[in-house]
Amino acid sequence: MASDFRSSSDVVLFSTDISARGLDYPDVTAVIQVGMPTDRAQYIHRLGRTARAGKAGHGYLLLSECERPFLQLIADLPVRSRPALAPAAAKALQVALTTARSAAVSSELLVESYKAWVAFYNTARVTTPLGWTREEMVAHANGFARSVLGLSHPPVLDEEVLRKMGLLGVDGLAARRDDASRTSGEGGGGGGGGARGGGASKAGGGAARDGTAWLAWMAQSSGEGGGDGCREKAV
């Protein structure tokens, strides 16, 4: 896939942080970071995939309102904020985007996305300027599950995984005892984790298909209060 992207034009590559360092893609015109990086260095490394060898490029960081404190880490950089979509424009997109999500994303992937979100932000809440309590992090996680993943309720997580993350017993999390801890001695379960990433585009982006729709959806905001979790916004 990397070689195809390197030799193609008018395409979009969706990637985890494996592309952030050590890979050189010529003529990347834009880097779109979806979600908060782990730190300032990661933000810069991701951004460095564009504007290489004296060429022009642009960087975009999509943050939810609850991730806004991250901007403190890059306050000295020339970052400009853009307003979210107007409520009417966001609502006009919602039906089509919800349909696309239902058709393209399996229920298993939605659950794994929730697990990865919890694992990432449980660390980020204490290693970045977020400063959330465990309860605040869980509230944002469940808002993400509702408004972004479209889930009616938070997925159930293994009890042992929650214990290792220091989250067992936190209100808002649904826990299930891991099979490995049952007295019956039956086979064990596992945990969830994941990597956050973004996308890089070469002039145009007509080949993005559902990917572009997903990015647009992540950038939308209905403008309805901050209590509904981490809605993605363009920065």
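Further up the page is the structure itself.
A brief structural summary. Everything numeric in this text was worked out from a predicted model, so none of it was measured.

For the structure on display, the rule yields 9 salt bridges. For the salt bridge of Arg176 with Asp158, the shortest nitrogen-to-oxygen distance reads 2.8 Å. In this pair, Arg176 is assigned in strand E5 (residues 174–176) and Asp158 in strand E4 (residues 156–158), connecting sequence segments 18 residues apart. Residue classification places Arg176 among the partly exposed residues on the basis of a relative accessible area of 36%. For Arg163, the salt bridge identified is with Glu160, shortest N-O distance 2.6 Å. Of this pair, Arg163 and Glu160 both sit in helix H6 (residues 159–164), 3 residues apart, which is roughly one turn of that helix. By relative accessible area, which is 27% here, Glu160 ends up partly exposed. Members of the salt-bridge network, linked through shared partners, are Glu159, Glu160, Arg163 and Arg177.

Most often, soluble globular proteins keep nonpolar side chains buried together rather than apart. Among the nonpolar cores identified, the biggest contains 30 residues, and Met36, Tyr114, Tyr121, Met137 and Leu173 are the most heavily contacted of them. Looking at this core, the elements that each hand over two or more residues are strand E3 (58–64), helix H4 (107–127) and helix H5 (134–147). For this core, the element with the most residues is H4, which contributes 7 residues. Phe5, Val11, Val28 and Val31 belong to the second-largest nonpolar core, a separate cluster that totals 6 residues.

A word on the packing of aromatic side chains. Tallying each qualifying case throughout the model produces 7 aromatic pairs. Their ring planes at 80 degrees and their centres at 4.8 Å tell us that Phe120 and Tyr121 sit as a pair that is edge-to-face. Judged by its relative accessible area of 14%, Phe120 falls in the buried class. Given the relative accessible area of 0%, Tyr121 is considered buried. Taking the centre distance of 5.7 Å and the plane angle of 25 degrees together, the rings of Tyr121 and Trp132 count as stacked. On the criterion of sequence distance, the pair formed by Tyr121 in helix H4 and Trp132 in the loop between H4 and H5 is long-range, its members being 11 residues apart. Of the residues examined, Trp132 reaches a relative accessible area of 8% and is grouped as buried. Put simply, the rings of Trp117, Phe120, Tyr121, Trp132 and Phe144 pair up and form one aromatic cluster.

Thresholds applied
Residues numbered from 1 in each chain as written. Predicted model: local features only at pLDDT ≥ 70, side-chain atom pairs only at ≥ 80, totals over all residues. Heavy atoms only, no water. Salt bridge = Lys/Arg side-chain N within 4 Å of Asp/Glu carboxyl O. Helix = DSSP H or I, 4+ residues; strand = E, 2+ residues; numbered from the N terminus. Buried < 20%, exposed > 50% of the residue type's maximum accessible area, 1.4 Å probe, protein only. Core = buried A, V, L, I, M, F, W, Y, C linked by side-chain atoms within 4.5 Å. Phe/Tyr/Trp six-rings, centres within 6.5 Å; stacked < 30°, edge-to-face > 60°.

From the geometry alone we can't say anything about function, so treat these as descriptive.
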